[in-house]
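Chain residues, written in single-letter form:
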Amino acid sequence: MPCTPIKHYPGVRGVVCGPRPRSKPCAFCPRAASRLCDGVTRKAAVPTDPTFEDVALQDSTCDKRLCDRCSRSPEDGKDYCPGCAPAESIRRRAIAAAMLLKAVP
Ligand SMILES: [Zn+2]
Ligand SMILES: [Zn+2]
């Protein structure tokens, strides 16, 4: 029976013994996936009005399985697959630009 040390939660120590959790492979390489893509899918990322007021961060995410190597993390706690990373940076820049425009009367 494999034992896995718990190291995902700060301050929590121990090992979990039992059947190995099903580790599915990364969507981009054969390594084991450790996370899911947080990229907002195209449908949700498209702004619904020209001022970007309605760039809603909906729960619809890409959710592709990623390993440590294939994940792109522009900010802490977020992971993006190679397919979503460029679109995400464009979207973030668009939102930042919209916020700048709003700040200047
Ligand atoms: Zn990978
Ligand atoms: Zn993705």
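Fair warning: this is a prediction, and the values are worked out from it, not measured in the lab. (Residues numbered from 1 in each chain as written. Chains lettered and ligands numbered in written order. Predicted model: local features only at pLDDT ≥ 70, side-chain atom pairs only at ≥ 80, totals over all residues.)

### Points about the overall build of the protein chain
The number of helices and strands found in the protein chain is 2 helices and 4 strands. The order of α-helices and β-strands along the protein chain, N terminus first, is β-β-β-α-β-α. Across the 105 residues of the protein chain, 16% fall into the buried class. Expressed as a percentage of contacts within the protein chain between residues at least 6 apart in sequence, the contacts between residues at least 24 apart total 50%. (Helix = DSSP H or I, 4+ residues; strand = E, 2+ residues; numbered from the N terminus. Buried ≥ 20, exposed ≤ 12 C-beta atoms within 10 Å, placed from the backbone. Contact = placed C-beta atoms within 7 Å.)

### Overview of the nonpolar core
Residues Cys-26, Ala-33, Cys-37, Cys-62, Leu-66, Cys-70, Tyr-80, Cys-81 and Cys-84 constitute the largest nonpolar core, which totals 9 residues. Setting aside anything within four residues of it in sequence, one finds Leu-66 in contact with Cys-26, Ala-27, Ala-33, Arg-35, Leu-36, Cys-37, Ser-71, Asp-79 and Cys-81. (Core = buried A, V, L, I, M, F, W, Y, C linked by C-beta atoms within 7 Å.)

### So, unusual backbone geometry
At Asp-63, a position not held by glycine, the phi torsion is positive, near 60 degrees. Its place among the elements puts Asp-63 in the loop between α1 (42-45) and β4 (65-66). Given 13 C-beta atoms within 10 Å, Asp-63 falls into the partly exposed group.

### Observations regarding the environment of Tyr-80
Examined against the element boundaries, Tyr-80 turns out to sit in the loop between β4 and α2 (85-103). Along the primary structure Tyr-80 and Leu-66 are separated by 14 residues, whereas in three dimensions their C-alpha atoms are 8.2 Å apart.

### Describing the confidence of the model for the protein chain
Residues at a pLDDT of 70 or more form 62% of the protein chain, whose mean pLDDT is 78. Across the protein chain, element-level confidence peaks in β4 with a mean pLDDT of 95 and bottoms out in α1 with 54. (pLDDT = per-residue confidence, 0-100.)

### Points about the environment of Cys-26
Relative to the elements of secondary structure, Cys-26 occurs in the loop between β2 (15-17) and β3 (35-36). For Cys-26, the residues in contact, after removing those within four places along its chain, are Arg-31, Ala-33, Arg-65, Leu-66, Cys-67 and Cys-70.

### What to know about the environment of Lys-24
Within the secondary structure, Lys-24 sits in the loop between β2 and β3. A sequence separation of 43 residues divides Lys-24 from Cys-67, and the C-alpha atoms of the two residues are 9.9 Å apart.

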